[in-house]
Amino acid sequence: MIPFLDLKEINAPYEKELKNKFDSFLEKGWYILGNEVTAFQKEYAAYCGTQFCIGTANGLDALRLILEGYKILGKLQVGDEVLVASNTYIATIIGVKQAGLIPVLVEANLDTFNFDYSDLEQKITLKTRVIMPTHLYGRLTDMDRVNAFAKAYNLLTVTDCAQSHGAITASGKRSGSLADASGHSFYPTKNLGALGDAGAITTNDKALAEIVEKYRNYGFKERYVAQYTGVNSRLDELQAAFLRIKLRDLDTQNSKRIAIAKQYLEGINNEHIILPQWSEGKDHVWHLFVVCCAQRDALQEHLKANGIATIIHYPVPPHKQEALQELASMSLPVCEQLHSEVLSLPISPSLTKTAITQIIKAINDFKC
C-alpha cells in the first residue's frame, strides 16, 4: 500500500540530528522558553522576511493570539467581524470565535480553492475589521488583491499560513510576510512539521509582537507579574530544537513536492478528474495535491483497490459542522461542491518514482 503520508520516512533523514538534539536537550535541563525557542524564532523570522516571530503551542492559538493582541491594542473589539474562507480547516474559524469575534464565511473559487473576490467584497459590512485568508493546500492567496481590499476599507489582514511554509510570491516575498500578521502551524504533517504540536506568529508590528509574547505566557511582563489575562500557549523547547533542524532543509523538501506535482499535472489524463491549476511558480508549495471528481467516493475506492491511500480534505464544510450551527443557514454552493468532490493524493517528498508512476496509472485507469 502506498501510504498517504509516512512521517517516519519523512523524518528518517534527520534521525541522527534529532537524537543528538534530544540528548543535548536532556543534558541542558532547560525545558520551557529556552535558547532553542529564541533561536528558532530568530531563524524563522529571517526565513519568512519579518522582524518578529513568536512561538506558540499550535497554529490555532497563533491565530487567536494575533486577534487577542489587536483587541488589547484597541484595533478590535468583541463582536467585530472577520472574513474567513468558507472551505478552510475548522481551526481557522475556531480561532476567530475563541477571540470573541464573528467569522463571516467567504465563498470559494473553484479554480484556486481560495477566496472568490466578488463574494469577499459583498461580505464586507460596517462591522468588518479583519480579512483572514487561508493559503489553502500550499497555494498563496492573491495578497495584492486582499491588501487592496483591506486598504480600501481600513481593515487588518491576518493570514493563515498553516499549509504554505516557504511559498514565495513572484516579487520574492515569502508566506508569513504578506499581511499585518500571520499564524503558522507546525503540526507533524505540515511542510515544516515538528514531532508534536507547535505554531508561531510572524509580523512586522512591534507592538503586537510584544503583546503576544507576553499573552502566550499567562500575560506575564515578568515572572509572576501578569500584565494581561493571557493563556499558556508556548512553543515547546524540544519542538523548537527539532524545527531548527528541519527548517534548513525546507526549501529542498518543497522542491521535491513541486517536482511530484509537475509529474502529476503532466501525467494524469482522465476526463473525470479536474486537476489543480498552477502557474509553475513558487507561490504553491503543494502541501496537498487536491483533485476534484464528481464521483469522488468511487475514485477513492478505486485507488484503494490499487494500493493507494488518499484523504479527503475536508469531508464536512465548516458551516455544516454541528459545532458551528450559527453558520448553517449560509448559502455557499461552491464551497459545498468542493467538499463533495475534493480528494488529496499522496505528495510526500519521500514518494518513489515507482509509486508516482503507479498513482498516475491508477488515476488514468479510473472509469465511472
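As shown above, the structure is provided for reference.
This is a predicted model, so every value here is computed, not measured.

Analysis parameters
- Residues numbered from 1 in each chain as written.
- Predicted model: local features only at pLDDT ≥ 70, side-chain atom pairs only at ≥ 80, totals over all residues.
- Heavy atoms only, no water.
- Helix = DSSP H or I, 4+ residues; strand = E, 2+ residues; numbered from the N terminus.
- Rg over C-alpha atoms; globule rule 2.2 N^0.38 Å.
- Buried < 20%, exposed > 50% of the residue type's maximum accessible area, 1.4 Å probe, protein only.
- Contact = heavy atoms within 4.5 Å.
- Expected span 1.5 Å × (residues − 1).
- Pairing = 2+ DSSP bridges.
- Axes fitted to C-alpha atoms, helices over the stretch in contact; angles between N-to-C directions.
- Patch = residues over 30% accessible without salt bridge, like charges linked within 9 Å, V, L, I, M, F, W, Y side chains within 5 Å.
- Areas by Shrake-Rupley, 256 points an atom, 1.4 Å probe, with all protein chains shown as cover.
- Salt bridge = Lys/Arg side-chain N within 4 Å of Asp/Glu carboxyl O.
- Arc of directions from axis to C-beta.
- Left-handed = near helix turned anticlockwise from the far one by under 90°.
- Nonpolar A, V, L, I, M, F, W, Y, C, P; charged D, E, K, R; others polar.
- 1 Å grid on protein atoms, 1.4 Å probe; cavity = no way out; pocket = protein on both sides within 12 Å on 5 of 7 lines; lining within 4 Å.
- Points joined across faces, edges and corners; volume = space filled by probe spheres on them.
- Lys, Arg positive; Asp, Glu negative; His and termini not counted.
- Polar contact = N/O pair within 3.5 Å; in protein donor to acceptor, adjacent residues only side chain to side chain.

With respect to the overall build of the chain
Secondary structure summary: the chain contains 13 helices and 11 strands in total. Since a compact globule built from 368 residues should have a radius of gyration of about 21 Å, the 21 Å found for the chain is in line with a globular shape. Considering only C-alpha atoms, the chain reaches an extent of 65 × 55 × 40 Å along its principal axes. For the chain, the residues scored as buried account for 56% of the 368 residues in total. By sequence separation, contacts in the chain at least 24 residues apart represent 69% of the contacts at least 6 residues apart.

Let's talk about helix α2 (residues 15-28)
Across its 14 residues, α2 extends 20 Å between first and last C-alpha, which sits within 8% of the 20 Å expected from 1.5 Å per residue. Gly29 lies just past α2 and shows a positive phi near 75 degrees.

Quick notes on the sheet that holds strand β7 (residues 199-203)
If you walk across this open sheet you meet the seven strands as β1-β7-β6-β5-β4-β2-β3, and the pairing is mixed. Two strands in the sheet have a free side with no partner beyond their single neighbour: β1 (52-56) and β3 (102-106). The mean inter-strand angle of the sheet, taken between neighbouring strand axes irrespective of direction, is 25 degrees. Across the face of the sheet, helix α3 (residues 35-48) comes into contact with β1, β6 (181-185) and β7 while running at roughly 125 degrees to β1.

Here we look at a nonpolar patch on the surface
A cluster of nonpolar residues, Phe22, Leu26, Tyr31 and Ile32, forms a patch on the protein surface that exposes about 360 Å² of accessible area. By secondary structure assignment, the location of Phe22 is in helix α2. Judged by its relative accessible area of 33%, Phe22 falls in the partly exposed class.

Comments concerning helix α8 (residues 206-215)
Buried within α8 we find Leu208, Ala209, Ile211, Val212 and Tyr215. Viewed end-on, α8 has its buried residues packed into an arc of 165 degrees, placing them on one side of the element. On its buried face, α8 is in contact with β1, α4 (59-72), β6 and β7.

Observations regarding the packing of α2 against helix α9 (residues 237-247)
α9 packs onto α2 with a crossing angle of 145 degrees between their chain directions and a minimal axis gap of 10 Å. The element α2 and its partner α9 pack so that their crossing is right-handed. Note on element contacts: α9 touches α2 through Glu237, Leu238, Ala241, Phe242, Arg244 and Ile245, opposite Glu17, Leu18, Lys21, Phe22 and Phe25. Of the residues that constitute the contact of α2 with α9, the class distribution is seven nonpolar, no polar and four charged.

Topic: the layout of surface pockets
Space inside the largest pocket adds up to approximately 610 Å³. Of all the secondary structure elements, the ones that give two or more residues to the lining of the largest pocket are α4, α5 (90-98) and β6. For the lining of the largest pocket, the per-class residue count stands at 14 nonpolar, 13 polar and four charged. There is about 390 Å³ of room inside the second largest pocket. As for the second largest pocket, its lining consists of 18 residues, and the residues nearest its centre are Thr141, Asp142, Met143, Asp144 and Thr169. At four residues, helix α7 (residues 143-153) tops the list of elements feeding residues into the lining of the second largest pocket. Broken down by class, the residue content of the lining of the second largest pocket amounts to five nonpolar, seven polar and six charged.

A look at the side chain of Thr157
Tracing the sequence through the fold places Thr157 in strand β5 (residues 156-160). A relative accessible area of 2% places Thr157 in the buried class. The residues touching Thr157, leaving out its near neighbours within four places in the chain, are Ile131, Val146, Asn147, Ala150, Ala179, Asp180 and Ala181.

What about the side chain of Asp160?
Relative to the assigned elements, Asp160 resides in strand β5. Buried charge Asp160 goes without a salt bridge, the closest partner of opposite sign being Lys190 at 7.0 Å. Engagement of the side chain of Asp160 in a polar contact is seen with the side chain of Thr92, the distance being 2.7 Å.

Some thoughts on the packing of α4 against α8
Direction vectors running N to C along α4 and α8 enclose 115 degrees, while the axes themselves pass 9 Å from each other. Our pair here, α4 against α8, has a crossing hand that is right-handed. Packed against α4, whose contacting residues are Arg64, Leu65, Ile66, Glu68, Gly69, Tyr70 and Ile72, the element α8 presents Leu208, Ile211, Val212 and Tyr215 at the interface. The residue makeup of the contact of α4 with α8, split by class, is eight nonpolar, one polar and two charged.

Concerning unusual backbone geometry
Negative phi characterises most residues that are not glycine, and trans characterises most peptide bonds. Cis geometry is found at the peptide bond from His313 to Tyr314, where omega equals 15 degrees. Relative to the helices and strands, Tyr314 is located in the loop between α11 (296-305) and α12 (333-341). Positive phi outside glycine occurs at Glu280, with the angle close to 70 degrees. When you line up the elements, Glu280 lands in the loop between α10 (250-267) and β10 (289-292).

Considering the environment of Ile312
Note that Ile312 resides in the loop between α11 and α12. Along the primary structure Ile312 and Leu345 are separated by 33 residues, whereas in three dimensions their C-alpha atoms are 9.1 Å apart. Other than its neighbours up to four places away in sequence, Ile312 contacts Arg296, Asp297, Gln300, Val342 and Leu343.

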